[in-house]
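Architecture at a glance
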Amino acid sequence: MPSVCVGTTNPVKIAATLQAFTKVWPEKHWDVFGRSVDSGVPDQPMTMATARLGALTRAGNAMTQSTADFGVGMEGGLWSESGSIMECGWIAIVDRGGRLGWGATPSMLVPPAITELLRQGMDLNQACEAVLGQANLGTGSGFFGVMTNCGLPRLEAYRDGAIFAMARFTHPDLYDGHDNSAFQLTYLVVPEGLQTNCAGCGQPIAVGQHYLDVVTTLGSNMGPNYRPVRDVEPTALPARVHDPDCWLAWVRDDEIIRNVFAR
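Each value, and the rule that gives it
- Residues numbered from 1 in each chain as written.
- Predicted model: local features only at pLDDT ≥ 70, side-chain atom pairs only at ≥ 80, totals over all residues.
- Heavy atoms only, no water.
- Axes fitted to C-alpha atoms, helices over the stretch in contact; angles between N-to-C directions.
- Helix = DSSP H or I, 4+ residues; strand = E, 2+ residues; numbered from the N terminus.
- Parallel < 35°, antiparallel > 145°, perpendicular 65-115°, else oblique.
- Left-handed = near helix turned anticlockwise from the far one by under 90°.
- Contact = heavy atoms within 4.5 Å.
- Nonpolar A, V, L, I, M, F, W, Y, C, P; charged D, E, K, R; others polar.
- Phe/Tyr/Trp six-rings, centres within 6.5 Å; stacked < 30°, edge-to-face > 60°.
- Buried < 20%, exposed > 50% of the residue type's maximum accessible area, 1.4 Å probe, protein only.

Another point: the packing of helix 1 (residues 11-24) against helix 6 (residues 154-165). Remark: helix 1 packs on helix 6, axes separated minimally by 8 Å, with the N-to-C direction vectors making an angle of 45 degrees. Comparing the axis directions of helix 1 and helix 6 gives the class oblique. For the crossing formed where helix 1 meets helix 6, the hand is right-handed. In this structure, helix 1 uses Val12, Lys13, Ala15, Ala16, Gln19, Ala20, Lys23 and Val24 to contact helix 6, whose residues at the interface are Arg154, Leu155, Tyr158, Arg159, Ala162 and Ile163. Split by residue class, the contact of helix 1 with helix 6 holds nine nonpolar, one polar and four charged.

It is at 9 Å that the axes of helix 3 (residues 112-119) and helix 4 (residues 124-132) come closest, and there the two elements cross at 135 degrees. The angle between helix 3 and helix 4 places the two elements in the oblique class. As for how helix 3 packs across helix 4, the hand of that crossing is right-handed. In this structure, helix 3 contributes Ala113, Ile114, Leu117 and Leu118 to the contact, and helix 4 contributes Leu124, Ala127, Cys128, Ala130, Val131 and Leu132. Classifying every residue of the contact of helix 3 with helix 4 gives ten nonpolar, no polar and no charged.

On to the packing of aromatic side chains, then. Per the stated rule, a full pass over the model turns up eight aromatic pairs. Summarising the aromatic geometry, the rings of Phe21 and Phe70 are spaced 5.3 Å apart at their centres and angled 65 degrees between planes, so their arrangement reads as edge-to-face. Here Phe21, found in helix 1, pairs with Phe70, found in strand 3 (residues 70-81); they are 49 residues apart in sequence, far enough to count as distant. For the pair shown, Phe21 and Phe70 are each scored as buried. An angle of 35 degrees between the planes, with centres 6.1 Å apart, marks the rings of Trp25 and Phe70 as tilted. Placement of the pair is Trp25 in the loop between helix 1 and strand 2 (31-34) and Phe70 in strand 3, with a sequence separation of 45 residues. For the pair Trp25 and Phe70, one class covers both residues: buried. Feature note: the residues Phe21, Trp25, Trp30, Phe70 and Phe169 constitute an aromatic cluster, connected by ring pairs.

Don't take any of this as a statement about function, it's just geometry.
Printed below as a string of structure tokens:
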């Protein structure tokens, strides 16, 4: 039975993932389960780039902390547009072949009363509870559901975003060799006889442990704002890291991160 690990224990996101995989591949029986993982970003992402980074980190950690065929990361976040704040959820799906699919929920305008509380430091759940009297939105119909009278609950929004992300896997021939990413990620297990250290933290990666093999082709598709990491020429840069957190420690370049994830 093929398996999917979702980088969260939130029942809504796990159910959304199960529905998405069942809709896209109804002939298969899916084992979908959640795992508590680190997102690597604040609890309330305030930019689109931060939310995407959180989704990718969750997906990567779901893979490295399980033996699932797919890892799924879902991260809701806020972003500013012409003085207004929008809410959107990002979905990243990765597989054991290193393929990465992206999807997103619809975006919704956040009301001014809630926006003001967000600017004072509240997260979206706290602000919605204060203004709307709705608690625990994250495990219920969510901000989307409350604001649409359950016309589009959170589960369905994230389900559809996950379905969009799965296009990378339903039509691989249209994406292979043309990934819109400067990083090729492959999840492997350290074999017997291989001694290697993590490029991020410098600590050994133990035999039998999952690790992330990263080939970085920075410069090939970064556009006019390209700036090489650590003054390395734009050629393939292989690295082995424990997980996405160590990978980001290896990159250590906020501008590169923004270029990759803000697109």
